[in-house]
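Close look at the chain arrangement
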Amino acid sequence: MAHMTRFQREVLRKLFHLMGLLVVFGYSFARMYFGERVALLSLTALLLVLLEIEYVRLEYTLKLPERIARFFRRHEQDRVTGAIWLVVACIISFAVYDFPIAFLSFFFVIFGDMFASLFGMKFGKRKMFRSKSWVGFG
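Figured I'd write up the structure that's included with this text.

Rules and cut-offs
- Residues numbered from 1 in each chain as written.
- Predicted model: local features only at pLDDT ≥ 70, side-chain atom pairs only at ≥ 80, totals over all residues.
- Heavy atoms only, no water.
- Salt bridge = Lys/Arg side-chain N within 4 Å of Asp/Glu carboxyl O.
- Helix = DSSP H or I, 4+ residues; strand = E, 2+ residues; numbered from the N terminus.
- Buried < 20%, exposed > 50% of the residue type's maximum accessible area, 1.4 Å probe, protein only.
- Phe/Tyr/Trp six-rings, centres within 6.5 Å; stacked < 30°, edge-to-face > 60°.

Description of the pattern of salt bridges
One pass over the structure, following the stated rule, counts 1 salt bridge. A salt bridge links E54 to R57, with the shortest nitrogen-to-oxygen separation between them at 3.0 Å. With E54 and R57 both in helix α3 (residues 36-59) and 3 residues apart, this pair spans about one turn of that helix. By relative accessible area, E54 is classed as buried at 8%.

Written as C-alpha cells, this is what we have:
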C-alpha cells in the first residue's frame, strides 16, 4: 500500500465514497417496503450510531487500523468524517424534497464529487486555490 501513487490512493478513497450509495439505496429499500416514516427513522438511527462511533474515535483518540486509516486524509483523522454530513443531508433531503429529486441529487453529489476530484488530479494543470484545479471545479 505504501508504494501507491497519490492518484491511486485517491481512486481508492473515491471507491470507498461509493458506499454512500448504500445509504441512499438502503433508504429507498426501507421506504419501498416499510414506508417513508420508517425509512427516515432508519436514517436517523444510522446517524446516531455514526455519531457515537465518531465520538468514541475522537474523544479517546483511537488509533485506526491501517486498512481503515488509509481512507482518511491527514486533516480528517481528528475531525468528524464526511459520512456524518452525508447522512444528515440525506435525512433533510428525503424529508423535504420529493423522492425522485432527492434520490437523483445524491447520485449527482456522489458521482460528481468522485469524477471532479479524479479528473482534477489527473488533468488539472491550472490551480484555483490549494490543490484544487479548474478541471475538477468545472
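Next, the rest of the story.
Considering the packing of aromatic side chains
Given two aromatic rings, one states the distance between the centres and the angle between the planes to describe the pair. Throughout the structure, instances matching the rule amount to 11 aromatic pairs. Relative to F106, the ring of F94 lies with its centre 5.9 Å away and its plane at 25 degrees, an arrangement referred to as stacked. Of the two residues, F94 sits in helix α5 (residues 82-96) while F106 sits in helix α6 (residues 99-123), which places them 12 residues apart along the sequence. The pair formed by F94 and F106 is uniform in burial state, with each residue classed as buried. Joined through ring pairs, the aromatic side chains of F25, Y27, F94, F99, F103, F106, F107 and F111 make up one cluster.

The quantities given are spatial measurements derived from coordinates; they are silent on function.
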